[in-house]
Amino acid sequence: MSVRNFWTIFLKVLGIWLVINGVTTIIQFVTSFFSVIAGNNNEARTIIYYVLLLIVTIGIYLFILWLFVFKTSWLIDKLHLEKGFKEDRIEGDFDYSKVMMIATIVIGGYIFVDSLPLFCKYTFNYFQQKRMFQDEFSSGWLFFYLAKSVIGYLLMTNSKSVVKYIEKQFK
């Protein structure tokens, strides 16, 4: 494997991981936006501030995804990541697709393991609140962690399709 291929794989995995973890940040912005609207603080300036902040945050994460996943070669050239290595090749017989598949499985497994306990916790809390006849429980986080668990599971089981899509976009 060449040094350039190593950095390509590393940056793509890092970019995907950053964007997936950024989904939590975006969800927090959305929930805080709705809490501001639900409160008595419905000033237009505050709402515009939250909307602009949400748009900028989503834009930053889309830029990170675009830069790290689709413009990896440009990033390697601009940051001079290939420089400083004594040899041009890293010993080992690695196939680019297989390494990307393993990385996708690891990221999917991490997401699944990270979100499944929280999904179980919020499910338990939901049924506990229902049993106590309190309808004030918000099920938004329950659905968020369910979706995150499903995404992690799908990344683990469909890693080949994800890698094919990334390779198609790269070519």
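What you see is a predicted model; the values in this text were computed from it and never measured.

### Notes on the packing of helix H1 (residues 3-38) against helix H5 (residues 140-157)
In contact at an axis separation of 12 Å, H1 and H5 are set at 165° when each is read in the N-to-C sense. Compared by their axis directions, H1 and H5 come out roughly antiparallel. Where H1 crosses over H5, the two elements pack in a sense that is right-handed. Within the contact between the two elements, H1 uses Ile20, Val23, Thr24, Ile27, Gln28 and Thr31 and H5 uses Trp141, Phe144, Lys148 and Leu155. Grouping the constituent residues of the contact of H1 with H5 by class yields 6 nonpolar, 3 polar and 1 charged.

### Digging into the nonpolar core
Counting residues in hydrophobic clusters, the biggest one holds 14 residues, and the most contacted among them are Trp7, Leu11, Ile64, Phe68, Leu75, Ile76 and Leu81. Elements that contribute at least two residues to this core include exactly H1, helix H2 (44-70) and helix H3 (72-79). Among the elements that line this core, the one with the most residues is H1, at 6 residues. Contacts of Phe68, omitting those with residues within four sequence positions, involve Leu11, Lys12, Leu14, Gly15 and Leu75. One finds Tyr96, Met100, Leu155 and Ile166 within the second-largest nonpolar core, a separate group that totals 11 residues.

### Things to note about helix H6 (residues 159-170)
The first and last C-alpha atoms of H6 sit 16 Å apart over 12 residues, in line with the 16 Å expected at 1.5 Å per residue. Among the residues making up H6, those that are buried are Ser159, Val163, Ile166 and Glu167. Along the long axis of H6, the arc covered by the buried residues comes to 100°, so they all point the same way. Exposed residues pointing more than 90 degrees away from the buried face of H6 are listed as Lys164 and Lys168.

### Some remarks on the packing of aromatic side chains
To describe a pair of aromatic rings, one takes the distance between the centres and the angle between the planes. With the rule as written, the count across this model stands at 8 aromatic pairs. Here the aromatic rings of Tyr49 and Tyr50 are separated by 5.8 Å at their centres, their planes lie at 75°, and the arrangement is edge-to-face. Since its relative accessible area comes to 21%, Tyr50 is described here as partly exposed. One aromatic cluster in this structure is built from Tyr122, Trp141, Phe144 and Tyr145. Looking at Lys121, its charged tip hangs above the ring of Tyr122, at a distance of 5.6 Å from the centre.

Calculation criteria
Residues numbered from 1 in each chain as written. Predicted model: local features only at pLDDT ≥ 70, side-chain atom pairs only at ≥ 80, totals over all residues. Heavy atoms only, no water. Axes fitted to C-alpha atoms, helices over the stretch in contact; angles between N-to-C directions. Helix = DSSP H or I, 4+ residues; strand = E, 2+ residues; numbered from the N terminus. Parallel < 35°, antiparallel > 145°, perpendicular 65-115°, else oblique. Left-handed = near helix turned anticlockwise from the far one by under 90°. Contact = heavy atoms within 4.5 Å. Nonpolar A, V, L, I, M, F, W, Y, C, P; charged D, E, K, R; others polar. Core = buried A, V, L, I, M, F, W, Y, C linked by side-chain atoms within 4.5 Å. Buried < 20%, exposed > 50% of the residue type's maximum accessible area, 1.4 Å probe, protein only. Expected span 1.5 Å × (residues − 1). Arc of directions from axis to C-beta. Phe/Tyr/Trp six-rings, centres within 6.5 Å; stacked < 30°, edge-to-face > 60°. Lys NZ or Arg CZ within 6 Å of the ring centre and 35° of its normal.

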